[in-house]
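Okay, here's what each chain looks like letter by letter:
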Amino acid sequence: MQHSPDSRPDGTPSAASSARASATQTFPETAEPLQAGFLATLFRDLGAEAPDGPSEDDTVAVHARAAALTHHRTLTVQAEHEHLADLLRRAALPVSAMDFESQLRSYEPRPFPADADLPPAEAEPRWADYAPAQPPAADPDEPASRRLLDSGYQRELAQARLRHQRDLREWRARQAEGAAAEAKAARSAHEQAEQAKARAVREYNDSLEECRRAYRLSEPAAVESLLERALAAAEVATRDIPSPCRALFRPLTRTAVLDLDLPPLDVVPSLSGYRLAEDGSPEPVPRAPAERTSDYLRLAARLALRALQAADAVDTDGILAGVVLNGWLRRPGEDPVCLLSVDADRDALARTRLVAGTEAARPAAVDEDEPAPGVYTDAEQDEALLRLRELSAVVTPDPYVPVPVVPNGTAGATVPSAAELSSNEFAQLVRELFVRGGLGSWSVRLRGPFGLVATAEGAKDSGLPGRWVVWASRNTDPVAADELRTLAEAVREEGAERGLRLTTGRFGEAALDLAAEEGYRRIHLIDGEGVRELSRTHLGLPLAAG
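Residues numbered from 1 in each chain as written. Predicted model: local features only at pLDDT ≥ 70, side-chain atom pairs only at ≥ 80, totals over all residues. Heavy atoms only, no water.

**Q** Pulling in residues and values, what's your account of the nonpolar core?
**A** Of all hydrophobic cores here, the largest spans 58 residues; its most connected members are Leu-258, Tyr-296, Leu-299 and Leu-325. Here this core gets 13 residues from one element, more than from any other, and that element is helix α8 (residues 289-314). Counting 22 residues, the second-largest nonpolar core is a separate cluster that includes Phe-434, Leu-439, Leu-452 and Val-531. (Core = buried A, V, L, I, M, F, W, Y, C linked by side-chain atoms within 4.5 Å. Buried < 20%, exposed > 50% of the residue type's maximum accessible area, 1.4 Å probe, protein only. Helix = DSSP H or I, 4+ residues; strand = E, 2+ residues; numbered from the N terminus.)

**Q** Quick one: what's the story with the environment of Thr-253, residue by residue and with numbers?
**A** On the secondary structure map, Thr-253 appears in the loop between β1 (245-250) and β2 (255-261). Of the residues examined, Thr-253 reaches a relative accessible area of 2% and is grouped as buried. Beyond its immediate stretch of four places on either side in the chain, Thr-253 contacts Ala-321, Leu-421, Glu-425, Gln-428 and Leu-429. For Thr-253, the side chain forms a polar contact with the side chain of Glu-425, separated by 2.6 Å. (Contact = heavy atoms within 4.5 Å. Polar contact = N/O pair within 3.5 Å; in protein donor to acceptor, adjacent residues only side chain to side chain.)

**Q** Mind laying out the pairing of strand β8 (residues 439-448), listing which residues take part and the relevant values?
**A** Of the pairings in the sheet, the one linking β8 to strand β9 (residues 451-458) comprises 7 bridges and is antiparallel in character. Bridge pairing in β9 links Ser-443 to Thr-455. Remark: 2 residues form the turn of the hairpin made by β8 and β9, two consecutive strands paired antiparallel. (Pairing = 2+ DSSP bridges.)

**Q** Any details on empty space enclosed by the protein? Residues and values, ideally.
**A** Going through the model one piece at a time under the given rule, you end up with 4 cavities of 30 Å³ or more. By volume, the largest cavity is sized at about 80 Å³. What lines the largest cavity is simply Leu-231, Ala-234, Glu-235, Ser-243, Cys-245, Leu-260, Leu-303, Arg-306 and Ala-307. Contributing elements (two or more residues each) for the lining of the largest cavity: α7 (220-234) and α8. The greatest single-element share of the lining of the largest cavity, amounting to 3 residues, is contributed by α8. Here the residues of the lining of the largest cavity sort into 6 nonpolar, 1 polar and 2 charged. (1 Å grid on protein atoms, 1.4 Å probe; cavity = no way out; pocket = protein on both sides within 12 Å on 5 of 7 lines; lining within 4 Å. Points joined across faces, edges and corners; volume = space filled by probe spheres on them. Nonpolar A, V, L, I, M, F, W, Y, C, P; charged D, E, K, R; others polar.)

**Q** Kindly report on the sheet that holds strand β5 (residues 322-329), identifying the contributing residues and their values.
**A** Read from one edge to the other, the open sheet built from 5 strands follows the order β1-β2-β5-β6-β7, with strand pairing classed as mixed. Looking at strand neighbours, the two that pair on one side only are β1 and β7 (394-395), the edges of this open sheet. Relative to strand β6 (residues 337-345), β5 runs antiparallel, the two being bridged by 8 bridges. Pairing of Leu-329 across the sheet is with Val-337, part of β6.

**Q** An account of the pattern of salt bridges is requested, with residue identities and associated values reported.
**A** Using the criterion set out here, one finds 34 salt bridges in the structure. We note a salt bridge from Arg-213 to Glu-210, for which the minimum N-O separation is 2.7 Å. Separated by 3 residues within a single helix, Arg-213 and Glu-210 lie in helix α6 (residues 151-216), roughly one turn from each other. The class of Arg-213 is partly exposed, set by a relative accessible area of 38%. Since its relative accessible area comes to 43%, Glu-210 is described here as partly exposed. A salt bridge links Asp-317 to Arg-216, with the shortest nitrogen-to-oxygen separation between them at 3.5 Å. Taken as a pair, Asp-317 in the loop between α8 and β5 and Arg-216 in helix α6 lie far apart in primary sequence, 101 residues in all. Among the residues examined, Arg-216 registers a relative accessible area of 45% and is labelled partly exposed. Several salt bridges converge on common partners, so that one network encompasses Asp-86, Arg-89, Arg-90 and Asp-240. (Salt bridge = Lys/Arg side-chain N within 4 Å of Asp/Glu carboxyl O.)

**Q** For the packing of aromatic side chains, give the residues involved together with the corresponding values.
**A** For the coordinates displayed, the defined rule picks out 2 aromatic pairs. Ring centres of Tyr-296 and Tyr-400 lie 6.1 Å apart, and the angle between their planes is 70 degrees; this geometry places the pair in the edge-to-face category. Note that Tyr-296 is positioned in helix α8 and Tyr-400 in the loop between β7 and α11 (423-437), a separation of 104 residues in sequence. Residue class for Tyr-296 comes out buried when judged on its relative accessible area of 1%. A cation over an aromatic ring shows up here: Arg-161 above the ring of Trp-127, its NZ or CZ 4.8 Å from the ring centre. When the ring centre of Trp-471 is taken as origin, the NZ or CZ atom of Arg-501, which lies over that ring, is 4.3 Å away. (Phe/Tyr/Trp six-rings, centres within 6.5 Å; stacked < 30°, edge-to-face > 60°. Lys NZ or Arg CZ within 6 Å of the ring centre and 35° of its normal.)

**Q** Requested: an account of unusual backbone geometry, with residues and values cited.
**A** What is expected of a backbone is that most residues other than glycine have negative phi and most peptide bonds are trans. A cis geometry characterises the amide bond from Val-401 onward to Pro-402, with omega recorded as -10 degrees. Here Pro-402 is to be found in the loop between β7 and α11. The backbone phi angle of Ser-392 is positive, close to 60 degrees, even though this residue is not glycine. Residues other than glycine seldom take positive phi values, yet Ser-441 does so here, at roughly 50 degrees. Of note, Ser-441 is situated in strand β8.

Taken by themselves, the reported measurements are silent on function.
Below, the structure written as structure tokens:
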């Protein structure tokens, strides 16, 4: 009787048949016999001689191993997605305030405990250590009472009692004196230790108050120290990714420039998972580039918002007029690339919610045939990026190319040049200079990255009386005569009495000649050297040339 190769003599399916059926149900797309080329490659890698043709048992076993490897690698990718989702959640957690009040310490000395452990006392003399040994019995039948009448024993007993009583009296005297001394010494040691702890806390608070005084005087070292402590505390929640943030304070514009190191690009998974290829080998399923870009920008935006929140929360004394934050991607052997930049004044920070939502949608189980979606929906709808755009931030469209952005301001030095200032800083500097010079009712009409146009009014008894139109810019090209004509027209339209053209550079010869004409006597000119002189005069702070 002939039996099928897929069945036993009793008619039940063989193990090979069962395995093939299971493989067909689990991996329908690879249920066909594997190509002989893949098996030949496998045997060659193993150092074995390939048989003339693969058996069905070998085919199923190889397929099962490939399927298990595919599943294992897919689980690894899933874990990477879970880690990213957790990072996004932790990066959005609100930070604790690190202002001076929160850092103050207090300590109240504790009283000496009534049941304090004192040094071990001398043991009380025991009679058992003094009592003489009883005399031996001459007759075993003799009662013990007769032995006690022995004169020698009685003499030793009396002497032992005298020694015990004498030692007991001396011990009691020492205890009366020693207990008080030991208790006094223990109490003194306890009080000294408690006073030392209280003194250390007072000294710490005094040093903190000295730092606070320096901070209120806008001393750069004190402001930077407080900011960096706050930024380091904010970083605790995501210590598993490197994202340090350094701070520089410019007293000239009362602006903090923060340089945030963004995490490496590989923190975002590049794969959706793995699936079996047509030849039966595990094949990676790459994610769409747009998904990786969205996830990375989402994480970078949350880290930037957290740094802004830490700087804003710590400045309870209102020293900062604004914050510039630049997010840098640093890679070994390459120049750093700026991927995002924020230039926000204090009012913008106050009206913007700096804490992004922490809803972290976990990625769905990865299908081995279909690419997994990103951790979130489109980055354009992410709350953190929306918050940054409310602050007029510039963000790279693609960090993986990468496409750099121009930093709003750079942290080159505490004494900056006009080119290093952000647009907010430059506007703040111009306003401060002319308000100190006597122009009030300052109103900005136009503002751009390189300058502004504003109107202001000076009191009659001030050095700048009447209504003014101010046009200030920071450019390297000489100011042309046409710009003075434009300013004179704006003065007429505004009904102002005078116009002021300020540049951090210089004026061209044609502009200087035009300003000397009779019709332009109401237009006043200030060049770069004049700006630096005004800064020294009205602010008491230098502005570097450049």
